[in-house]
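# A look at the structure
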Amino acid sequence: MTVGRFAPSPTGRMHLGNVLGAVLSWLSAKSRGGRWLLRIEDIDPARSRREYAQLLMDDLHWLGLTWDGEPVWQSRRSDIYEDYFQQLKGRELTYPCFCTRTDLLATQAPHESDGRVVYPGTCRPPGPAISGTPAIAERPAATRLIVPDSDVAFTDGHYGLQCVNLAHQVGDFIIRRKDGAWAYQLAVVIDDALMGITEVVRGRDLLLSTPQQLYIAQLLKLRSPCYIHFPLLLNDAGQRLSKRDGSLDMASMRQRMTAREIVGMAAYLVHLTPEPLPMTPQELLPLFCWEKVPCHDCTLKQLQ
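Now for a look at the structure at hand. Given the structure is predicted, the values throughout are model-derived calculations rather than measurements.

## Some words on the sheet that holds strand β3 (residues 72–73)
Ordered by their spatial adjacency, three strands build an open sheet running β1-β2-β3, and the pairing between neighbours is parallel. The strands lining the two open edges of the sheet, one partner per strand, are β1 (3–6) and β3. Alignment of β1 against strand β2 (residues 35–40), held across four bridges, turns out to be parallel. Within β2, the position partnered with Arg5 by the bridge is Leu37. Sitting on the sheet, helix α1 (residues 16–30) is in contact with β1 and β2, with an inclination near 145° to β2.

Structure, rendered in structure tokens:
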């Protein structure tokens, strides 16, 4: 059985781009007669809010996007992440990193619009990874995972064959932050495997996360899902839609639009319908297929 999931972070109200991700992942799973699970990715204690999670779940219900089973909360799974983290650490695949973002930006320019930089290996030990001397261990440090100088290839369900050299295009990446919080890349791999997720539907801005997650899953001998990435939704300025676009967050949209209008607008923007007709998720099911969804990013100018 297909098992999909929606895994938002409760750091603010959902916007239209988040709604699009929820609609597509729900349609993809349900069109195959599968299950659709909800995971609240609240592992960032500085930004996650319980009230945002409650609003998020209320918005999903209001839109007609009902999930199967009980929601999974990442904040309650720290012991599970710790067990797998210790496996990697025990195999000398990790090392402490004291670099700041300022340090990294001083050595190279960001490679993508999200400000990503390739880690140059500044703190990487010359031999097997070690935890450091007691004096070093007293300093707060992130933990990085050593990556090989080799390619990771996978076939995305929408964008086709992808091939990434982790050493050249990513570098050793963080699996635990300096403040002790678990990094997204580690937690999501463990959760997807233990929850039995068979397909992950998410925006194409996370394409580069996929080889990192496949590598972690390989190291931990965990099953990986199939990945399907979809185009981003851009605002009128050509920028990726974010929670800063207040007029398109759920609080604003619910004041002036019905649930069917919002779902229909999201479907229209990715070409599932020829015009923005009010639709429920159930009404979209017979119209859904990935072949209709474009590979190029979609813009709100389509609505004008």
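So much for the structure itself; the text now carries on.
## Details of the pairing of β2
For a regular strand, the rule is simple: side chains alternate between the two faces of the sheet. Judged by how many residues are buried, β2 sits mostly within the fold: five of six residues are covered. After leaving β1, the chain enters α1 and then returns to the sheet as β2, a path that is right-handed. In this region the chain leaves β2, passes through helix α2 (residues 50–63) and returns to the parallel neighbour β3; the handedness of that crossover is right-handed.

## A closer look at helix α10 (residues 259–269)
Of all eleven residues in α10, nine are buried; the element is thus mostly enclosed. Of all the residues in α10, the buried ones are Ala259, Ile262, Val263, Gly264, Met265, Ala266, Ala267, Tyr268 and Leu269. Tucked inside the fold, the buried residues of α10 contact α1, α2, β11 (233–234), α9 (250–256), α11 (281–284) and β12 (298–299). Once α10 ends, the next one or two residues include His271, with phi positive near 70°.

## Remarks on the packing of helix α7 (residues 184–194) against helix α8 (residues 209–220)
At a minimum axis separation of 9 Å, α7 and α8 run at an interaxial angle of 60°. Compared by their axis directions, α7 and α8 come out oblique. Helix-helix and strand crossings are classified by hand; for α7 and α8 the assignment is right-handed. Contacts between α7 and α8 involve Tyr184, Gln185, Leu186, Val188, Val189 and Ile190 from the first element and Ser209, Gln212, Gln213, Ile216, Ala217 and Leu220 from the second. Of the residues in the contact of α7 with α8, the class split is eight nonpolar, four polar and no charged.

## Structural notes on the environment of Ala266
Among the structural elements, Ala266 can be located in helix α10. Residue classification places Ala266 among the buried residues on the basis of a relative accessible area of 1%. Placed 244 residues apart in sequence, Ala266 and Ala22 show a C-alpha to C-alpha distance of 10.0 Å. For Ala266, the contacting residues outside a window of four places in its chain are Leu16 and Leu20.

## Quick look at the state of the cysteines
Each disulfide is one covalent bond, formed between the sulfur atoms of two cysteines. If you walk through the whole model with that rule in mind, you get zero disulfides. Distance from the sulfur of Cys97, which forms no disulfide, to the nearest cysteine sulfur (Cys99) is 3.9 Å. Free cysteine: Cys163, not disulfide-bonded; nearest cysteine sulfur from Cys226 at 18 Å.

## What to know about the nonpolar core
Here is a general trend for soluble globular proteins: nonpolar side chains tend to be buried in one another's company. One finds Leu16, Leu24, Trp36, Leu60 and Leu63 to be the most contacted residues of the largest nonpolar core, which totals 47 residues. Listing elements by their share of this core, those giving two or more residues are α1, β2, α2, β10 (226–230), α9 and α10. Counting residues per element, this core draws most heavily on α1, which supplies nine residues. Contact partners of Leu24, with chain neighbours within four places excluded, come to Val201, Phe230, Val270, Leu272, Phe288, Trp290 and Val293. By size, the runner-up hydrophobic cluster in this structure holds 37 residues, among which are Leu93, Ile175, Leu208 and Tyr215.

Here is what the cut-offs are and how they apply
- Residues numbered from 1 in each chain as written.
- Predicted model: local features only at pLDDT ≥ 70, side-chain atom pairs only at ≥ 80, totals over all residues.
- Heavy atoms only, no water.
- Pairing = 2+ DSSP bridges.
- Helix = DSSP H or I, 4+ residues; strand = E, 2+ residues; numbered from the N terminus.
- Contact = heavy atoms within 4.5 Å.
- Axes fitted to C-alpha atoms, helices over the stretch in contact; angles between N-to-C directions.
- Buried < 20%, exposed > 50% of the residue type's maximum accessible area, 1.4 Å probe, protein only.
- Right-handed = clockwise from strand over helix to strand, strands pointing away.
- Parallel < 35°, antiparallel > 145°, perpendicular 65-115°, else oblique.
- Left-handed = near helix turned anticlockwise from the far one by under 90°.
- Nonpolar A, V, L, I, M, F, W, Y, C, P; charged D, E, K, R; others polar.
- Disulfide = S-S within 2.5 Å.
- Core = buried A, V, L, I, M, F, W, Y, C linked by side-chain atoms within 4.5 Å.

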